[in-house]
Each structure stands twice: as structure tokens, then as C-alpha cells.
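Coordinate inspection notes
Read off the chains here:
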Amino acid sequence: MARERTFVLLKPDAVQRALVGAIVERFERRGLKLVAMKTTKVSRELAETYYLEHKGKPFFAALVKYITSAPSVAIVLEGDEAVAVVRKMMGKTNAAEAEPGTIRGDFGIQIGRNLIHGSDSVPTAKREIGLFFAPAELLDYARVDEAWVYE
Ligand code: DAT
Ligand code: MG
């Protein structure tokens, strides 16, 4: 088991639909530690860097418009296998196909309004954390329940 950090962005639809608390609650209850969290309006420049892998795809313009349209919440979470655990909790990219019990499967119905981004690997997480947070914003601390979440 590797202790990892992963990056999560609660997209503008999550903020506008007042789902931030419900989503963060799931991560906290799972045992994932909040290392950093802030409300932020993603700029066009940041969106194009962040979604560089999708540049040139037919949905790119709509994706950038969506992500820059209103505030988002940027989060860093830490825990064992955090990257894979968060991806599983998010559910499939297309919310219409996401399993019930997942964030997208419980709260979303379209791929273009899928509420949440989560890093797809540890190297991606490092890159994304660096795009959204300064090193001093990432806090190192113990949660009081750690001895009961981890053996
Ligand atoms: P994920 O967000 O599950 O990591 P991704 O990295 O492949 O998925 O794509 C990033 C975002 O781009 C995704 O959350 C929604 C949008 N997107 C991806 N594929 C799409 C498609 N075929 N049509 C419309 N939007 C798409
Ligand atoms: Mg992705």
C-alpha cells in the first residue's frame, strides 16, 4: 500500500448545485485526509494547460468554457492508493454510465456536466497539484482517527 496524494477539482456544476459538502463528506468518511482545499475560478490559460491532453478534440472548446464559467473547488486528498480510490468513487467519465453509489452516478447524468475531476496517476497528480497550489498551501498533519482508519 502506498500513501499517495491526489488532486480533485469540484467543477462549476458541483458548486452551483450546492453539492460540494455532500461530495467532500464522502471523501472524509472514506478516510481520505484534506491536505488543501480552496474555491477558485479557473482561468482560460490554466484550463488549456490543465486539459492539454484534450486539445484538438471536438469537445475541447465546450470543456474549457464549462470549467471556466464559474468557481470550482480545488482539493488535495491523501491516503492509501488515493489516486485509484478517488477515481473509483468518481465513477465513469460519462455520468449517464456511472454506477449508482459513485459521485457521478448519484449526482450527474451527462458527460459534459460530470461534476468532478480526479488525477489519473501519481505523476499527473503531482503536475495538477503544482498547477493549483503553492507548496506552502499543502498541509502535513495527522488526523485523530488515523489509528482506526489504518492498521
Ligand atoms: P475523466 O474526467 O474521467 O478523467 P477524461 O480525462 O478522459 O475523463 O476527460 C476529461 C473531461 O473531458 C471529462 O471529464 C469530460 C470531457 N470529455 C471527455 N471525453 C469526452 C467526450 N467524448 N465528449 C464530451 N466530453 C468529454
Ligand atoms: Mg482525466
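Residues numbered from 1 in each chain as written. Chains lettered and ligands numbered in written order. Predicted model: local features only at pLDDT ≥ 70, side-chain atom pairs only at ≥ 80, totals over all residues. Heavy atoms only, no water.

**Side note on the pairing of strand β1 (residues 3-10)**
- Of all eight residues that make up β1, six are buried, and the element is covered over most of its length.
- By the bridge criterion, eight bridges tie β1 to strand β3 (residues 72-80) in an arrangement that is antiparallel. Looking across to β3, one finds that L10 is bridged to V73. (Buried < 20%, exposed > 50% of the residue type's maximum accessible area, 1.4 Å probe, protein only. Helix = DSSP H or I, 4+ residues; strand = E, 2+ residues; numbered from the N terminus. Pairing = 2+ DSSP bridges.)

**A short note on the pattern of salt bridges**
- Following the criterion strictly, the structure yields eleven salt bridges and no others.
- Here K33 makes a salt bridge to E146, at a shortest N to O gap of 3.0 Å. Here the residue K33 occupies a position in strand β2 (residues 33-40), and E146 occupies one in helix α8 (residues 146-149), the gap between them amounting to 113 residues.
- Here K33 falls in the buried class, since its relative accessible area comes to 8%.
- By relative accessible area, which is 22% here, E146 ends up partly exposed.
- Linking R44 and E48 is a salt bridge whose minimum nitrogen-to-oxygen distance equals 3.1 Å. One end of the pair, R44, and the other, E48, are both in helix α3 (residues 44-50), four residues apart, so they sit about a helical turn from each other.
- Residue classification places R44 among the exposed positions, given a relative accessible area of 52%.
- Because the salt bridges share partners, they merge into one network encompassing R5, K33, E78, D140 and E146. (Salt bridge = Lys/Arg side-chain N within 4 Å of Asp/Glu carboxyl O.)

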